[in-house]
Amino acid sequence: LTCFHSVRAPSVSIRDYLLRIHRLFGCSLECYILSLVYIDRVIQRCPNVAVSALSTHRLLLSSVMLAAKFHDDRFYSNKFYAKAGGLPMEELNGLERSMLRLLDHKLFVRKEEFELYHAMICKAAGSET
């Protein structure tokens, strides 16, 4: 297991957790696409980090936080993100460091890659925009 894996699956569904993040973070919609790119990159670089009921919440929290810090003009402190995500700040700090290390600190996403992930999300959601 990795630092992204919890001992037990969280009681909150991933849907409800994402809605909570969306409501509290107030980040741009682009951040969610960047988050998906970051999670995919981490999984490609480190196959032990599989998306599962034990890892999804922590992967989502840390990747959306990184995307907001990188992309948006307005972002919050790690204390805020930790409270919003239901984790101790020290744990979130560790997740952030680990994700940055696994991404080799490369948070920039080329336009073509962004558009590819955007199209995949739209297709999965059943929309064309």
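Residues numbered from 1 in each chain as written. Predicted model: local features only at pLDDT ≥ 70, side-chain atom pairs only at ≥ 80, totals over all residues. Heavy atoms only, no water.

(A) Broad picture of the packing of helix H3 (residues 56-71) against helix H5 (residues 89-102). The geometry of H3 relative to H5 is characterised by a closest axis approach of 10 Å and an angle of 75° between their N-to-C directions. By the angle between their directions, the pair H3 and H5 is classed as roughly perpendicular. Of the residues in H5, those touching H3 at Arg-58, Leu-59, Leu-61, Ser-62, Ser-63, Met-65, Leu-66 and Lys-69 are Glu-91, Leu-92, Leu-95, Glu-96, Met-99 and Leu-100. Residues that form the contact of H3 with H5 fall into these classes: 8 nonpolar, 2 polar and 4 charged. (Axes fitted to C-alpha atoms, helices over the stretch in contact; angles between N-to-C directions. Helix = DSSP H or I, 4+ residues; strand = E, 2+ residues; numbered from the N terminus. Parallel < 35°, antiparallel > 145°, perpendicular 65-115°, else oblique. Contact = heavy atoms within 4.5 Å. Nonpolar A, V, L, I, M, F, W, Y, C, P; charged D, E, K, R; others polar.)

(B) Inspection of the nonpolar core at higher detail. The biggest cluster of nonpolar side chains holds 36 residues, and the ones touching the most others in it are Ile-21, Phe-25 and Tyr-38. Breaking this core down by element, the ones donating at least two residues are helix H1 (14-25), helix H2 (30-45), H3, helix H4 (78-85), H5 and helix H6 (111-125). The contact partners of Phe-25, leaving out residues within four places of it in the chain, are Leu-61, Val-64, Met-65, Arg-74, Tyr-76, Phe-80, Tyr-81 and Ala-84. (Core = buried A, V, L, I, M, F, W, Y, C linked by side-chain atoms within 4.5 Å. Buried < 20%, exposed > 50% of the residue type's maximum accessible area, 1.4 Å probe, protein only.)

(C) Examining the pattern of salt bridges more closely. Tallied over the full model, the rule gives 7 salt bridges. Of the charged contacts in the structure, one is a salt bridge between Glu-91 and Arg-58, with a shortest N-O distance of 2.6 Å. Linking Glu-91 in helix H5 with Arg-58 in helix H3, this pair joins segments that are 33 residues apart in sequence. Taking the relative accessible area as the measure of exposure, Glu-91 reaches 28% and is therefore partly exposed. A salt bridge links Lys-106 to Asp-104, with the nearest nitrogen and oxygen atoms 3.3 Å apart. (Salt bridge = Lys/Arg side-chain N within 4 Å of Asp/Glu carboxyl O.)

(D) Layout of the packing of aromatic side chains. Enumeration over the complete set of coordinates arrives at 4 aromatic pairs. Centre to centre, the rings of Phe-25 and Tyr-81 are 4.6 Å apart; their planes meet at 65°, and the pair counts as edge-to-face. In this pair, Phe-25 sits in helix H1 while Tyr-81 sits in helix H4, placing the two residues 56 residues apart along the sequence. Grouping residues by exposure puts Phe-25 and Tyr-81 together as buried. Clustering of aromatic rings is evident, with ring pairs tying together Phe-25, Tyr-76, Phe-80 and Tyr-81. (Phe/Tyr/Trp six-rings, centres within 6.5 Å; stacked < 30°, edge-to-face > 60°.)

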